[in-house]
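Results of the structural survey
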Amino acid sequence: GLLWRAAGVLASHRLTVRGANATSIGPTAVAVFNVVPAYGDPPDTTLVASDLRRMLEGRLDVEERLERRARGARPRGATVAPPKVTLVDDASLTATVVEVRAHDEPGLLWRVGRALGGCGLDLRSARVETLGAEAVDVFYVADESGKPLTDKALRQATIEAVLAALT
């Protein structure tokens with residue numbers, strides 16, 4: 001949950017994630033974010049770091065803050081392509097790739113990551129890119145036994161959970 005929790009904290013401080021790389025091996029995870037302020041000057045890094053620690057300790061809930069930002073950022077009257085979630089099986093021997101394409105908005109990475117975690121999936125690595133107004137994100141995930149997703153019900157639940165998080 002490090003990736004989506006950190007993304008939530010960054011978005012709550014009005015930082016737009018332009019790209020991110022994450023990987024985990026066992027209990028160790030590393031996530032690197034490329035962010036820009038949505039507007040104005042960057043937030044105080046001490047406050048962002050403090051909020052990240054509080055989030056990881058379970059003492060900070062950013063959901064409502066992010067929902068308000070997302071509602072305010074949704075385009076009015078603009079036509080955007082519907083989100084798309086694809087499972088790719090032959091890209092890795094040890095994980096299933098979840099490819100997500102959607103119109104970018106505040107908290108998007110947080111919502112997608114939370115949906116994957118809610119399905120009980122282990123995030124092995126991720127590559128997140130924002131290309132203009134569109135997010136193209138790739139997540140390498142494994143099931144609770146550490147294997148690629150083979151169970152049809154879990155595969156369908158994963159697609160449905162991510163799509164629900166995007167709409």
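The coordinates are above.
About the thresholds
- Residues numbered from 1 in each chain as written.
- Predicted model: local features only at pLDDT ≥ 70, side-chain atom pairs only at ≥ 80, totals over all residues.
- Heavy atoms only, no water.
- Helix = DSSP H or I, 4+ residues; strand = E, 2+ residues; numbered from the N terminus.
- Buried < 20%, exposed > 50% of the residue type's maximum accessible area, 1.4 Å probe, protein only.
- Contact = heavy atoms within 4.5 Å.
- Pairing = 2+ DSSP bridges.
- Axes fitted to C-alpha atoms, helices over the stretch in contact; angles between N-to-C directions.
- 1 Å grid on protein atoms, 1.4 Å probe; cavity = no way out; pocket = protein on both sides within 12 Å on 5 of 7 lines; lining within 4 Å.
- Points joined across faces, edges and corners; volume = space filled by probe spheres on them.
- Nonpolar A, V, L, I, M, F, W, Y, C, P; charged D, E, K, R; others polar.

Side note on the side chain of S12
- You can see S12 is positioned in helix α1 (residues 2-12).
- Since its relative accessible area comes to 11%, S12 is described here as buried.
- Discounting chain neighbours no more than four positions away, the residues touching S12 are V62, R65 and L66.

Looking at the sheet that holds strand β3 (residues 84-88)
- The strand order across the open sheet formed by six strands is β2-β1-β5-β6-β4-β3, and the pairing between neighbours is antiparallel. This sheet does not close on itself; its edge strands, each paired only once, are β2 (28-37) and β3. Between one strand axis and the next, the sheet turns through 15° on average, direction left out of account.
- Pairing of strand β4 (residues 96-103) with strand β6 (residues 134-142) involves eight bridges; the strand directions are antiparallel. Across the sheet, R101 pairs through a bridge with V136, a residue of β6.
- Together, β3 and β4 form the strand contacts of helix α5 (residues 152-166), whose direction differs from that of β3 by roughly 150°.

Thoughts on the layout of surface pockets
- Put simply, the largest pocket is a space of about 330 Å³.
- Mapped by element, the contributors of at least two residues to the lining of the largest pocket are α1, β1 (15-25), β2, α4 (108-118) and β5 (122-131).
- The dominant element in the lining of the largest pocket, judged by the number of residues it contributes, is β2, at four residues.
- Put simply, the second largest pocket is a space of about 270 Å³.
- What lines the second largest pocket is a set of 22 residues, and nearest its centre among them are T16, V17, D104, E105 and P106.
- Put simply, the parts of the chain that give the lining of the second largest pocket at least two residues each are α1, β1, β2, α4, β5 and β6.
- For the lining of the second largest pocket, the element with the highest residue contribution is β1, accounting for four residues.
- Classifying every residue of the lining of the second largest pocket by side-chain character gives 13 nonpolar, four polar and five charged.

Bear in mind that shape data such as this cannot, by itself, settle questions of function.
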